[in-house]
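What follows is the residue order along each chain.
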Amino acid sequence: MNKIELKPGIYYVGVVDWNLRNFHSYDIHNGATYNAYLIIDEKIALIDTVMAPFAGELLDRISEIIDPADIDYIVSNHVEMDHSGAIPDVMAVAKNAVIITSDPNGLKGLRAHYGTDFPYQQVKAGDVLSLGKRTLTFVSTPMLHWPDNMVTYCPEEKILFSNDAFGQHYTSTKHFDDEGDIAQILYETKNYYANILMPFAAQAKKALAVVETLDIELIAPSHGVIWRTYIKQVKELYRAFSEGVTENTALVIYDTMWHSTESMALSIVEGFTRRGTKAKLYYLKESDLSDIVTELLTARYIVIGSPTLNNNIMPNVGALLTYIKGLAPKGKKGFAFGSYGWSGQSTGIINDAFIEMGVNVIMDPIKINYIPSKEQLIEIENKVAALS
Ligand code: FEO
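So, how was this worked out
Residues numbered from 1 in each chain as written. Predicted model: local features only at pLDDT ≥ 70, side-chain atom pairs only at ≥ 80, totals over all residues. Heavy atoms only, no water. Helix = DSSP H or I, 4+ residues; strand = E, 2+ residues; numbered from the N terminus. Buried < 20%, exposed > 50% of the residue type's maximum accessible area, 1.4 Å probe, protein only. Contact = heavy atoms within 4.5 Å. Areas by Shrake-Rupley, 256 points an atom, 1.4 Å probe, with all protein chains shown as cover. Lys, Arg positive; Asp, Glu negative; His and termini not counted. Charge placed at Lys NZ, Arg CZ, Asp CG, Glu CD. Axes fitted to C-alpha atoms, helices over the stretch in contact; angles between N-to-C directions. Left-handed = near helix turned anticlockwise from the far one by under 90°. Nonpolar A, V, L, I, M, F, W, Y, C, P; charged D, E, K, R; others polar. Domains from an automatic or database assignment. Buried area = accessible area lost by both parts, 1.4 Å probe. Salt bridge = Lys/Arg side-chain N within 4 Å of Asp/Glu carboxyl O. Polar contact = N/O pair within 3.5 Å; in protein donor to acceptor, adjacent residues only side chain to side chain. Pairing = 2+ DSSP bridges.

Undergrad: Sorry, what's going on with the overall build of the chain here?
TA: Secondary structure assignment for the chain yields 12 helices and 22 strands. Here the C-alpha coordinates of the chain stretch approximately 80 × 40 × 35 Å along the principal axes. Within the chain, the proportion of its 388 residues that are buried is 57%. The long-range fraction of contacts in the chain, counting pairs at least 24 apart against all pairs at least 6 apart in sequence, stands at 71%. Element-wise, carbon and sulfur atoms account for 52% of the exposed surface of the chain, whose accessible area totals about 15,900 Å². Charge separation in the chain, taken as the distance between the mean sites of 33 positive and 46 negative side-chain charges, equals 6 Å.

This is the structure in structure tokens:
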């Protein structure tokens, strides 16, 4: 195995899960990494672990550097099992190790997952753990995105071990930001933030304010690349996301039965284009929800269309609305559209969902009976082009 050294005595010992395509219902395209880090000092610390099935690979990587039995501390920045899953396997070997976790929610979470027998040491924001020449300081980041979250800072090495924050589901045999396609890495960072952290913008803003006070040369998250060259860019992305900065972009998302709602969607795209708004069209049968919400993070408009099916909306429009509602996007403008045969409830259902999730509804639903005529399609285009 290749040894990956961040700085002398500090190693990447994580794993690449090349085949993962769904991360707790979030569709991903290229797998994921679970990053763990090993610090060799007078005391040896392992920062986070990996998902349980990869415990053997983690221990193999550690064994190339030291005997895992010599680990003194496992710092658990986050209870979620993609980072804590291998703790029992590591503890089975590292008999004298102590698990460092946040007070009180890290401890509660780890005990609920792995029982009460392991030796735990709780830490609060600002606590310092000495490893010898180096120290670790803990920064509390609650609800980013679980109650227990914290990040760990090593001031002597200027490394922030940021766990989920600044992470991405990006896989490569290379582990630094300047060793891959930075445009793709930044896109995956947006994708990760949108699908995992979007509901927690206020917490992200607070965490970013703390991070800004630290002198950082490396940000080592628990997913994706280690930031060393593009730290300014990723911090700027997080600033924009957490402040809800939007672009003049509209998402037109639809499902269709006999292409009538689809024709309406195309006219809406034309209307937005005429008014100078960049529009993106998503046909739900061919699109991943995770890609749509990635664009939604920075889009100004969200427009959703469905024909009426059995007095209701199409099932995948329902799935979209459920997913978006949970992510609680802020400051969006939108409206509903769709065709119908006789009862015509779909647009009202979408409209109500928009109101419930706080979308600013800027137009009454556009409903067309059966098949839109050429004149009706032009009228839809004109209406959207004339939006103030
Ligand atoms: Fe990567 Fe919230 O776990």
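That was the structure; now back to the text.
Undergrad: Can you walk me through the packing of helix H8 (residues 260-274) against helix H12 (residues 374-385) in this structure?
TA: Two packed helices can be described by the angle between their axes and the distance between those axes. Across the interface, H8 lies against H12 with an axial gap of 7 Å and an inter-helix angle of 35°. The interaxial crossing formed by H8 with H12 has right-handed handedness. Contact residues: Ser263, Met264, Ser267, Ile268, Glu270, Gly271, Phe272 and Arg274 in H8; Leu377, Ile380, Glu381, Asn382, Val384 and Ala385 in H12. Split by residue class, the contact of H8 with H12 holds seven nonpolar, four polar and three charged.

Undergrad: Just checking my understanding: could you explain the domain arrangement of the chain for this structure?
TA: A common way to express how large an interface is: the accessible area buried when the components associate. Domain parsing of the chain yields domain 1 (4-243) and domain 2 (250-385). For domain 1 versus domain 2, the separation of C-alpha centres amounts to 38 Å. Counting residues at the interface gives 13 residues for domain 1, matched by 12 residues for domain 2. Between domain 1 and domain 2, roughly 1,200 Å² of surface is buried when both sides are summed, and carbon and sulfur atoms account for 56% of that area. Of all residues in domain 1, Lys190, Asn195 and Met198 bury the most surface against domain 2, accounting for 42% of the area lost on that side. Inspection of the domain 1/domain 2 interface yields zero salt bridges. Connecting domain 1 to domain 2 are six residue pairs in polar contact (both at pLDDT 80 or more). Listing elements by their share of the side of domain 1 that touches domain 2, those giving two or more residues are strand S5 (26-27) and helix H5 (182-197).

Undergrad: Would you mind showing me how to read the sheet that holds strand S15 (residues 159-163) here?
TA: Across a sheet, paired strands are connected by hydrogen bonds in the backbone, their directions being either parallel or antiparallel. A sheet is described by the order of its strands in space; here five strands give the open sequence S12-S13-S14-S15-S16, paired in mixed fashion. Since the sheet does not close on itself, it has two edges, and those belong to strand S12 (128-130) and strand S16 (218-221), each with one partner. For this sheet, the mean inter-axis angle between neighbouring strands, taken without regard to orientation, is 25°. As paired strands, strand S14 (residues 150-154) and S15 are joined by three bridges and run antiparallel to one another. Looking across to S15, one finds that Cys154 is bridged to Ile159.

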